[in-house]
Number of protein chains: 6
Amino acid sequence: MDSQKIAVFRKENFNAAHRLHSSYYSESENQVLFGKCNNPNYHGHNYTLIVKVVGCIDIKTGYVIDMKVLGNLIKENITEKFDHKNLNLDTSEFKELNPTAENIAMVIYTILREKLETKFELKITLYETERNYVEYPA
Amino acid sequence: MDSQKIAVFRKENFNAAHRLHSSYYSESENQVLFGKCNNPNYHGHNYTLIVKVVGCIDIKTGYVIDMKVLGNLIKENITEKFDHKNLNLDTSEFKELNPTAENIAMVIYTILREKLETKFELKITLYETERNYVEYPA
Amino acid sequence: MDSQKIAVFRKENFNAAHRLHSSYYSESENQVLFGKCNNPNYHGHNYTLIVKVVGCIDIKTGYVIDMKVLGNLIKENITEKFDHKNLNLDTSEFKELNPTAENIAMVIYTILREKLETKFELKITLYETERNYVEYPA
Amino acid sequence: MDSQKIAVFRKENFNAAHRLHSSYYSESENQVLFGKCNNPNYHGHNYTLIVKVVGCIDIKTGYVIDMKVLGNLIKENITEKFDHKNLNLDTSEFKELNPTAENIAMVIYTILREKLETKFELKITLYETERNYVEYPA
Amino acid sequence: MDSQKIAVFRKENFNAAHRLHSSYYSESENQVLFGKCNNPNYHGHNYTLIVKVVGCIDIKTGYVIDMKVLGNLIKENITEKFDHKNLNLDTSEFKELNPTAENIAMVIYTILREKLETKFELKITLYETERNYVEYPA
Amino acid sequence: MDSQKIAVFRKENFNAAHRLHSSYYSESENQVLFGKCNNPNYHGHNYTLIVKVVGCIDIKTGYVIDMKVLGNLIKENITEKFDHKNLNLDTSEFKELNPTAENIAMVIYTILREKLETKFELKITLYETERNYVEYPA
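All figures in this text were calculated on a predicted structure; none of them were measured in a lab. Residues take numbers from 1 onward in each chain, read along the sequence in its written order. Written order decides the labels, with chains lettered from A and ligands numbered from 1. For a predicted model such as this one, the threshold for reporting local features is a pLDDT of at least 70, and the threshold for listing and counting side-chain atom pairs is 80 or more; totals across whole chains, interfaces and linings nevertheless cover every residue. Excluding hydrogens and water, the side-chain figures rest on all heavy atoms present in the structure.

Colleague: For this particular structure, what's the right way to read the overall build of chain A?
Modeller: Secondary structure elements follow DSSP: runs of H or I of four or more residues count as helices, runs of E of two or more count as strands, with numbering from the N terminus. Of regular secondary structure, chain A possesses 4 helices and 5 strands. Going residue by residue from the N terminus, the α and β elements of chain A occur as β-α-β-α-β-α-α-β-β. Dimensions of chain A, computed from the C-alpha atoms along their principal axes, are close to 60 × 25 × 25 Å. Each residue gets one of three labels from its accessible area relative to the maximum for its type: buried under 20%, exposed over 50%, partly exposed in between, using a 1.4 Å probe on protein chains only. Considering chain A as a whole, with its 138 residues, one finds that 62% of them fall into the buried category.

Shown next, in the form of structure tokens:
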């Protein structure tokens, strides 16, 4: 029964450098488009990541998913990969792809979607700053 | 494809005075209904506004919408209009309409809906206090 | 018209002790499954509860529901019941049921659903810690 | 022994309207000095108040002061006085005195200082917004 | 030179059950004094601990103290000791001592003071809830 | 009279990239000392800066210092200098100096101390993350 579906959320953080730059545009167009976010020497953020997993409660454990298991999944696949890294230089995902909050959220979704059992629905919320954040899928 | 839809959020603040008072009721009924919120001399709040915009990622920029553009849209149409104002006295919208959080959120939605391209979905979250907030549409 | 639907949210807190323990498992299985959360002497949390009520704005009051009424409903039926209690020992709901965040949220939903007029939709968000929280229904 | 001194803190909130206006200046000077904060129709804030009390631990209770007692002292003398009020119009303290955060903090200090036993040291922190706050005495 | 002194802060959390009960009073006096906090079956909190260390900057590292070292000191001596524990039953410190926030802060201070080099000053802030917290020494 | 002294606080943010690296040590010593914070490609943070100014209340304005003046002072001298910058590469202050939170706070103090009238006392709080922050002078 659908009304049995419940969502659990796990919050994690990582701190990374990045630079907004699109290979579809010239240097000067990038400068106009992204302004100070285009700084060639990079800037950085404390990213806050919230992973939402929707499923049914296991009647025996009372869990949708063990939060320690979910926390470790995030740490092994996301935090260790992105924390204290330069997203443009140190990660294969953003060699070509512009590391906007939107694209980072989609990349995180794609990585976790493969690791998470298919019976679970998944949603990613990513805060770039306290004032700017994204959610995927909407 | 719908799974491409992603949401971006922008948080802004404004500080305003208001008084809850409904023209459908007598003075004494208003007093009973709204209690201390009916104070004829007004009281006030630090409102926190979160604007959610849902759309597709532009493959070239990596943005749903440029947050600077969205931030300016909110500042020009909402913050400058309501910040450091008395909602009942200084704004045309609440001359007749009771400035409850629900009505303020709907007014903000209506203003921004007209300014935002129709390809985007829009949702407004408005915190009146840390403990009381509303979301429109639900 | 559905677009008239608006959500209001009310945040409350309660502080309680609990122990995760499932009657479906042996003592040693419980120890493996729930680790330090299985401590027979209990541990505790500051739970943050957010109650979301969806309905139409009453054109005369400008309210979906009076927040004082909703706040009192939560205090009388939830906060007074669970605050400064041992969930496993002091409440009938968790005599058998494992007091995971998921199950606590469902219990709170069931209690409030009966007290709230059927015209309103209801959703419960429960924070066990700042990093772990649940939402029911999803 | 001085090293026995410990501080306890209690946080409360109140929501009020105010207008910055100084009787030392002309209307136009007030407008220049206080800008939009001088709006004659008032604006408002959610004030967050933190009361710090320094004293010795009572060896029998383990308390410096009972937080319920301190909380009630604040509610009876501050919150009920200022919450949902217009500071300029509804309170005797700000009939002449400009209700800046500095002056509000000093007024709260003066009120509570008289109510609190002299053996306790007192400090007031008052947030006007998340970004602007004051502390008295420094 | 004293003006070279700088403070560093490290925040950690632990979740514990406790019961306020003083051996200086009878059962009924305890009930009157501590009210619902005296519940014999315990209740609990998410405690937030902030450790402040004051010292001089090491000119070679640019650190007062390595935050990883400080974080591990807190984890090994405080978090592992108190997290997911019943303070009254599971810890030797509160067998006799009433686990008020004041006493917990002083116990944490005493433990860390012994582990921290004497050249550093130490201060403990402990949040029992978002609204109630203590600082030692004052 | 000293009891007239009151403190005002202004919070601002900036987002920057940095790398911990000390010229007093070899490459391998730096790697051991600073671990992942030594990443040669940089990482980054959302820094939160709180500027505390202590002075007397101007009896005519009710201000210690105009928060708009203080806010602009911070923006012109700190935020514009450091926001969306690589601290090691883009700023003269950290060409040689290791950009630890301690050193950044001292640099900000030195810059603002020169700009602020000598009658005011100044203190800087700098959050590198929600869990790690520093205060200068202590």
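Colleague: It is not clear to me how the relation of the copies chain F and chain A should be interpreted in this structure. Could you clarify?
Modeller: A rotation about some axis, followed by a shift along it, carries one copy of the chain onto the other. Expressed as a screw operation, the relation of chain F to chain A combines 0.0 Å of axial shift with a rotation of 180°, fitting to an RMSD of 0.0 Å. The transformation just described matches what one would write down for a two-fold rotation axis. Both copies contact each other with a shared surface, as 100% of the interface residues of chain F are interface residues in chain A too. When the copies are superposed, the least-squares fit draws on C-alpha atoms of residues that have pLDDT of at least 70 in both. Contact between two residues is taken to exist if any of their heavy atoms lie within 4.5 Å; hydrogens are not considered.

Colleague: Would you explain the pattern of salt bridges in this entry?
Modeller: Where charged atoms of side chains with opposite charge meet at close range, the side chains can pair. In the sections that follow, a salt bridge refers to a side-chain nitrogen of Lys or Arg positioned within 4 Å of a carboxyl oxygen of Asp or Glu. Under the definition given, this model contains 54 salt bridges over all chains. Of the charged contacts, one joins arginine 10 of chain C and glutamate 12 of chain C as a salt bridge, the two residues approaching to 2.9 Å between their closest N and O atoms. The burial state of arginine 10 of chain C is the same as that of glutamate 12 of chain C; both residues are buried. Here aspartate 66 of chain C makes a salt bridge to lysine 68 of chain C, at a shortest N to O gap of 3.6 Å. Residue classification places aspartate 66 of chain C among the buried residues on the basis of a relative accessible area of 16%. Residue lysine 68 of chain C is classed as partly exposed on the basis of its relative accessible area, which comes to 44%. Among the charged side chains, a salt-bridge network with shared partners connects Arg10, Glu12 and Lys75 of chain A.

Colleague: Looking at this structure, I do not really get the interface of chain F and chain A. What am I missing?
Modeller: Frequently, the measure chosen for interface size is the accessible area removed from exposure when the parts meet. Between chain F and chain A, the contact holds 20 residues from the first and 20 residues from the second. Both sides together, the interface formed by chain F and chain A hides about 1600 Å², and carbon and sulfur atoms give 45% of it. As a salt-bridge pair, aspartate 83 of chain A and lysine 36 of chain F come within 2.6 Å of each other at their nearest N and O atoms. Elements represented by at least two residues in the side of chain F that touches chain A include exactly strand 1 (5-18), strand 2 (43-56), strand 3 (85-86) and helix 3 (87-90) of chain F. Residue contributions to the side of chain F that touches chain A peak at 4 residues, all from strand 2 of chain F. Classes in brief: Ala, Val, Leu, Ile, Met, Phe, Trp, Tyr, Cys and Pro nonpolar; Asp, Glu, Lys and Arg charged; the others, Gly included, polar. Residue classes in the side of chain F that touches chain A are distributed as 5 nonpolar, 10 polar and 5 charged. Note on definitions: buried area is the accessible-area loss of two parts on being combined, 1.4 Å probe, summed for both.

Colleague: Help me understand the pairing of strand 2 of chain F in this model?
Modeller: Moving residue by residue along a regular strand, the side chains alternate between the two faces of the sheet. All names here are of chain F. Counting buried positions along strand 2 gives 13 out of 14 residues, so the element sits mostly inside the fold. Being paired, for any two strands, means DSSP has found at least two bridges between them. Judged from the 14 bridges that link them, strand 1 and strand 2 form a sheet pairing that is antiparallel. Each residue of the ladder has a partner; that of asparagine 15, found in strand 2, is asparagine 46. Strand direction decides the pairing type here: strand 2 and strand 4 (residues 121-127), joined by 7 bridges, are antiparallel. Residue pairing in the sheet places valine 53 in a bridge with leucine 122 of strand 4.

Colleague: Before we go on, may I ask you to explain the packing of aromatic side chains in this structure?
Modeller: Any aromatic ring pair is given by two values, namely how distant the centres are and how the planes are angled relative to each other. Residues and elements named next belong to chain F. Geometry of aromatic contacts follows a simple scheme: Phe, Tyr and Trp rings, the Trp one being its six-membered ring, pair when their centres are within 6.5 Å, and the pair is stacked under 30 degrees between planes, edge-to-face over 60, tilted otherwise. Under the defined criterion, the tally for this structure stands at 42 aromatic pairs over all chains. Consider the rings of tyrosine 109 and tyrosine 136, whose centres lie 5.0 Å apart with planes at 90°: the pair is edge-to-face. Of this pair, tyrosine 109 sits in helix 4 (residues 101-115) while tyrosine 136 is found in strand 5 (residues 132-136), placing the two residues 27 residues apart along the sequence. Given a relative accessible area of 17%, tyrosine 109 falls into the buried group. Ring centres of tyrosine 127 and tyrosine 133 lie 4.1 Å apart, and the angle between their planes is 15°; on these two criteria the pair is classed as stacked.

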